[in-house]
Amino acid sequence: MRERQPPRGRQEEPYKVNQKIRAREVRVVGDFVEGGNEVLLLEKAIKLAQDNELDLVEISPTTNPPVCKILDYAKFKYEQKKKQKEIKANAAKVVLKEIRFGPNTDDHDYNFKLKHAISFLKEGAKVKAYVHFVGRSIVFKERGEMLLLKFAQALEDYGIVEQMPKLEGKRMNIFIAPKPGKK
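Conventions adopted
- Residues numbered from 1 in each chain as written.
- Predicted model: local features only at pLDDT ≥ 70, side-chain atom pairs only at ≥ 80, totals over all residues.
- Heavy atoms only, no water.
- Helix = DSSP H or I, 4+ residues; strand = E, 2+ residues; numbered from the N terminus.
- Buried < 20%, exposed > 50% of the residue type's maximum accessible area, 1.4 Å probe, protein only.
- Salt bridge = Lys/Arg side-chain N within 4 Å of Asp/Glu carboxyl O.
- Pairing = 2+ DSSP bridges.
- Axes fitted to C-alpha atoms, helices over the stretch in contact; angles between N-to-C directions.

K.L.:
Tell me about the environment of K128, residues and numbers included.
P.N.:
Inspection of the secondary structure puts K128 in strand β6 (residues 126-132). Classification of K128 as buried rests on a relative accessible area of 13%. Sequence-wise, K128 and A117 are eleven residues apart; in three dimensions their C-alpha atoms are separated by 9.2 Å.

Following this line, the structure appears as structure tokens:
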């Protein structure tokens, strides 16, 4: 027998409310019961919620008996949504800046790119520096690795090396993250 799915476009409610609760007895917690928590028959708990013009919401369905709370479900959903939005807004957005070198990069170009990398790390962005080997320049792998190691050493005051130089195809990459507290 197939499980019944909710209609498309409609999101299933994360919590069971009032008549959707299937237990015979529930533990009601909150201000509406004596001592802050009490085991009641489902009908009595729903009646208590309706007398206060609120909803009975199943908070923890896995416990025995399930834990329910009497509250305004619409307001509760709104606050949950608001919390999720706040968590999402506070999540760190990591910016990755790329700096490209050739295996024969000159000192002036190297210093110019180094200054850019320092400013990126100060802003809190991660830096991906890579040496791109074109054509036969792949024979200078050691030169590319030396260049990236020198680059990482110059940036050790501003960032931490997340990944040492590693050859992937025609590119040798190194990742540098900003030091915590350095912004």
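K.L.:
Which residues make up the pattern of salt bridges, and what values go with them?
P.N.:
Should their charged atoms come close, side chains of opposite charge can pair. Using the criterion set out here, one finds four salt bridges in the structure. With a shortest N-O distance of 3.4 Å, K47 and D51 are connected by a salt bridge. Taken together, the residues K47 and D51, both in helix α1 (residues 42-51) and four residues apart, mark about one turn of the helix. We classify D51 as exposed; its relative accessible area is 52%. Between K128 and E98 there is a salt bridge, with the nearest N and O atoms lying 3.7 Å from each other. You can see K128 sitting in strand β6 and its partner E98 sitting in strand β5 (residues 96-101), a full 30 residues away along the chain. Owing to a relative accessible area of 44%, E98 belongs among the partly exposed residues under this scheme.

K.L.:
Which residues make up the sheet that holds β6, and what are the values?
P.N.:
The strand order β5-β6-β8-β7 describes an open sheet built from four strands, whose pairing is mixed. Every other strand in the sheet has two partners, leaving β5 and β7 (159-168) as the edge strands with one partner each. Going across the sheet, the axis of each strand differs from the next one's by a mean of 15°, ignoring polarity. Pairing of β5 with β6 involves six bridges; the strand directions are parallel.

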